[in-house]
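# A closer look at the structure
If you want the building blocks of each chain, they are given just below.
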Amino acid sequence: MPKVTITYKDYAVGAAEAATGTSAGAESFCDPADLFGGADIPRFATLEDDLWQLDGSWPLFPETPAAAALGIWSAALSGSGGAFAAAQEVDIVLSANFSGTGITLFFDPNSDARPATVKVTWFRDSTQLASADYVPDSDVYFCRQTVASYNKIVLIFPAMAAANRRLRLSRVVFGRVKVFQPQEYKDLAMKQLADPISDTVEDNPMTVTLRPGNDGCDYLFQAKQPLSVAEGTELIGVWYIDTHDETGVNAYDITAIGLKGLLDRQSNHMGGIYNGTAASVVCADILGSIPYVLDSSLRDVPVYGWLPIASPRDNLLQLAFRLGAIVDDSRHDYISIRPPETGSATDALTGPRAYEKGKISTSSMVTTVYLTVHRYAVSSETEQLFSGTLTGTERVEFSEPHSGLTISGGTIGSSGANYAVITGTGGTVTLTGYKYIHTTSVISKSNPLRTASDTENPRKAENMTLISPNDAAERLAALYDYYLRVRTVKGKFVTNGNYPGQRVTVDAATGKTLTGNIVSVDWKISANQAAEMEILCDAE
């Protein structure tokens, strides 16, 4: 059975985005920005002695190399002893302060074009914080040095390991990668969840104790650093460090959150009024820089209604509910927004896969499903939204949407249905706008199998403000079908790439084999890769 490993990217989070580079000795086709975006150096035949083979595997250097994203190539070649006539220098400036345990340098993997030495110096503004000399012994080399609150790095390359070679630096990573083997961690627990109707968008929590041993490295375990858990070569999920406690010598208790949890660490989404806007546009606005994939079948779905100023997670829930989509970040390094699986099962949690047959839980019959429909129309009357003395710039936020904003005594910068950024110069500023009239109605569907003895057991969706007359009937039908599914099976099963939302068959303790969708996978890693799973079964 494949072993489960944890890959820790000990990166200074945000440093790559904050970095700019310069190198006075670089070729004119070089773009230093490539250093921070993951450039790779392909095989190219150049005029360097004994660099490339005449076997057809080395194409000629391109006529337009700038399009190849090559990182930094020095214009000068090393001399007969490997030294440059003038040392090559790469300067990296960051727009904020960062802390880390070192940097990783990537050189040409296709040849012996590695530097003989590199001197790395870290600064905060003009103050030198640390400096060290390194001897790279591979094309990927970690320069170990724990430094706090730096915003500049200077790399000096005085010589290459071989004569007649250019410096080729393809990438700089602000940190390193450490793979924790099973003997280097304990008590790994992960939970993966996905609500079939996105009535909730729950995070996937993870806890683990890491025991790296005496490898000579410091561990900072900074917030938002990623931990990727894999079973062999198959990704189980990616989590982001939330807290850590140092509980002993080389022992760290880690709690981590998934991408869905990371949404609550982002700035509020400013919401807006939507009148047929494509779901792809709304989704991109909500998620911003968070990686996601919106299923192609959902991208062009028109969205009507209103979103308030709220966390990205809250507004993503609203959008997913409107689309009838599940929100899942298991088995991916991104958030997947996709329709729930239907049809035949793709895996069987039966036979030897089950530690014991699953226990069936049956909830009470849902008697009626109620869905509130929302309508927004601009009123004909204006409303005062701000009035007061203002010097400088301020963002005014509205609890309800408005349009047609006007201002006296100041200026409006950016604005939306829920806010306006206004500027005043010391006088009285008044902001007005037309309020949207919000009206609601309720549609419902009752269970025809209800008997006179059945207790009233309704389900209501009242505050989903993207449910409009254009889509309410479709969403009500889907909700009704979901609430007919009253049976769940819970049990412990040997895993096989399982994930929330997957269609599976499962052996129940009653002797029946049922079909349904996984709604949760609860991992506690031991010698056998098994997980507690909950399956929402199809209605009979």
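What comes next concerns the included structure. What you see is a predicted model, and the numbers here were worked out from it, not measured in a lab.

## What to know about the overall build of the protein chain
If you tally the helices and strands in the protein chain, you get five helices and 30 strands. When the backbone C-alpha atoms are referred to their principal axes, the protein chain occupies close to 95 × 75 × 50 Å. When each of the 540 residues of the protein chain is scored for burial, the buried share is 50%. In the protein chain, the share of contacts with a sequence separation of at least 24, taken over all contacts with a separation of at least 6, comes to 75%. Counting only carbon and sulfur atoms, one obtains 48% of the accessible surface of the protein chain, whose full area is about 24,400 Å². Computed over 43 positive and 61 negative side-chain charges, the separation of the two mean positions in the protein chain equals 6 Å.

## Concerning unusual backbone geometry
Phi angles above zero are rare outside glycine, and Ser198 is one such case at about 55°. Among the secondary structure elements, Ser198 is positioned in the loop between β10 (185-193) and β11 (206-210). Taking the relative accessible area as the measure of exposure, Ser198 reaches 1% and is therefore buried. The phi angle at Lys224 is positive, at roughly 80°, despite the residue not being glycine.

## Side note on helix α5 (residues 472-483)
Note: α-helices contain 3.6 residues per turn, so residues at a spacing of three or four share the same orientation. Between the first and last C-alpha of α5 there are 16 Å, a value that for twelve residues agrees with the 16 Å anticipated at 1.5 Å per step. Tucked inside the fold, the buried residues of α5 contact α4 (312-323), β22 (368-397), β25 (419-446), β26 (459-461) and β30 (530-537).

## Describing the pattern of salt bridges
Taken as a whole and assessed by the stated rule, the structure comprises 18 salt bridges. A salt bridge links Asp133 to Lys119, with the nearest nitrogen and oxygen atoms 3.8 Å apart. Pair noted here: Asp133 is in strand β6 (residues 127-134) and Lys119 is in strand β5 (residues 118-124), with a separation of 14 residues, a long-range link. The exposure class assigned to Asp133 is exposed, which follows from its relative accessible area of 57%. The salt bridge involving Glu474 is made with Arg475; its shortest N-O contact spans 4.0 Å. Take Glu474: its relative accessible area is 49%, and that puts it in the partly exposed class.

## Quick word on the nonpolar core
The biggest cluster of nonpolar side chains holds 46 residues, and the ones touching the most others in it are Leu287, Leu319, Leu323, Ile337, Leu371 and Leu479. Sorting the residues of this core by element identifies β13 (234-248), α2 (259-262), α3 (279-287), β17 (302-307), α4, β19 (335-338), β22 and α5 as the ones contributing at least two each. With residues up to four places along the chain from it excluded, the contact list for Leu323 reads Ala279, Leu294, Leu298, Val301 and Arg475.

## Overview of the side chain of Thr488
Residue placement: Thr488 occurs in strand β27 (residues 487-494). Thr488 sits in the buried class, given a relative accessible area of 15%. With sequence-adjacent residues up to four places away left out, Thr488 is seen in contact with Lys359, Ile360, Ser361, Glu534, Ile535 and Leu536.

## Some thoughts on α4
Taking 1.5 Å per residue, twelve residues should reach 16 Å; α4 reaches 16 Å between its end C-alpha atoms and fits that length. When we look at burial in α4, the residues that qualify are Pro312, Arg313, Asn315, Leu316, Leu317, Gln318, Leu319, Ala320, Phe321, Arg322 and Leu323. Downstream of α4 by one or two residues, Gly324 has phi in the positive range, about 70°.

## Regarding the layout of surface pockets
In this structure, the largest pocket occupies an estimated 890 Å³ of space. What lines the largest pocket is a set of 29 residues, among which Tyr11, Val13, Gly14, Glu17 and Pro226 lie closest to the centre. For the lining of the largest pocket, the secondary structure elements donating two or more residues are β1 (4-11), α1 (15-18), β8 (168-173), β12 (226-231), β13 and α2. Among the residues forming the lining of the largest pocket, the class breakdown is 18 nonpolar, six polar and five charged.

## Quick word on the packing of aromatic side chains
All chains considered together, the criterion is met by 13 aromatic pairs. With a centroid separation of 6.1 Å and an interplanar angle of 70°, the aromatic rings of Phe29 and Trp73 are classed as edge-to-face. On the criterion of sequence distance, the pair formed by Phe29 in the loop between β2 (19-22) and β3 (72-73) and Trp73 in strand β3 is long-range, its members being 44 residues apart. Taking relative accessible area as the criterion, Phe29 reaches 16% and is therefore assigned buried.

## Looking at the environment of Ala130
By the secondary structure assignment, Ala130 is in strand β6. Each C-alpha atom, one on Ala130 and one on Ala477, is 64 Å from the other, the two residues being 347 residues apart in sequence. With residues up to four places along the chain from it excluded, the contact list for Ala130 reads Val120, Thr121, Trp122, Gln145 and Val147.

## Quick word on the packing of α3 against α4
Contact pair α3 / α4: the axes reach a minimum separation of 9 Å and the direction vectors enclose 160°. By the angle between their directions, the pair α3 and α4 is classed as roughly antiparallel. At the point where α3 passes α4, the crossing takes the left-handed sense. Listed contacts from α4 to Ala279, Val282, Cys283, Ile286 and Leu287 of α3 are Pro312, Asn315, Leu316, Leu319 and Leu323. Grouping the amino acids of the contact of α3 with α4 by side-chain chemistry returns nine nonpolar, one polar and no charged.

## Concerning the sheet that holds β19
Spatially, the three strands line up as an open sheet ordered β16-β19-β18, and their pairing is mixed. Both edges of this open sheet fall to β16 (292-294) and β18 (326-328), since each of them pairs with a single strand only. Direction aside, the axes of adjacent strands within the sheet are offset by 15° on average. Docked against the sheet, α3 engages β16 and β19, running at close to 165° with respect to β16.

## Considering the pairing of β10
Strand direction decides the pairing type here: β10 and β11, joined by four bridges, are antiparallel. By the bridge assignment, Met190 is partnered in β11 with Met206. Sheet topology note: the β10/strand β29 (residues 513-524) ladder contains five bridges and is antiparallel. Paired with Gln192 across the two strands is Val521, which belongs to β29.

## Quick word on the pairing of β19
Side chains Ile335 and Ile337 project from β19 onto one buried face, and the interleaved Ser336 and Arg338 project onto a second face that is buried too. Where β16 lies against β19, three bridges are found, and the strand directions are parallel. Bridge pairing in β19 places Tyr292 opposite Ile335. Of the strand pairs in this sheet, β18 and β19 are connected by three bridges, and their pairing is antiparallel. Each bridged residue has a counterpart across the sheet, and for Ile326 the counterpart in β19 is Arg338. Between the antiparallel neighbours β18 and β19 lie six residues, among them Arg331 with a positive phi of about 65°.

The rules we used
- Residues numbered from 1 in each chain as written.
- Predicted model: local features only at pLDDT ≥ 70, side-chain atom pairs only at ≥ 80, totals over all residues.
- Heavy atoms only, no water.
- Helix = DSSP H or I, 4+ residues; strand = E, 2+ residues; numbered from the N terminus.
- Buried < 20%, exposed > 50% of the residue type's maximum accessible area, 1.4 Å probe, protein only.
- Contact = heavy atoms within 4.5 Å.
- Areas by Shrake-Rupley, 256 points an atom, 1.4 Å probe, with all protein chains shown as cover.
- Lys, Arg positive; Asp, Glu negative; His and termini not counted.
- Charge placed at Lys NZ, Arg CZ, Asp CG, Glu CD.
- Expected span 1.5 Å × (residues − 1).
- Salt bridge = Lys/Arg side-chain N within 4 Å of Asp/Glu carboxyl O.
- Core = buried A, V, L, I, M, F, W, Y, C linked by side-chain atoms within 4.5 Å.
- 1 Å grid on protein atoms, 1.4 Å probe; cavity = no way out; pocket = protein on both sides within 12 Å on 5 of 7 lines; lining within 4 Å.
- Points joined across faces, edges and corners; volume = space filled by probe spheres on them.
- Nonpolar A, V, L, I, M, F, W, Y, C, P; charged D, E, K, R; others polar.
- Phe/Tyr/Trp six-rings, centres within 6.5 Å; stacked < 30°, edge-to-face > 60°.
- Axes fitted to C-alpha atoms, helices over the stretch in contact; angles between N-to-C directions.
- Parallel < 35°, antiparallel > 145°, perpendicular 65-115°, else oblique.
- Left-handed = near helix turned anticlockwise from the far one by under 90°.
- Pairing = 2+ DSSP bridges.

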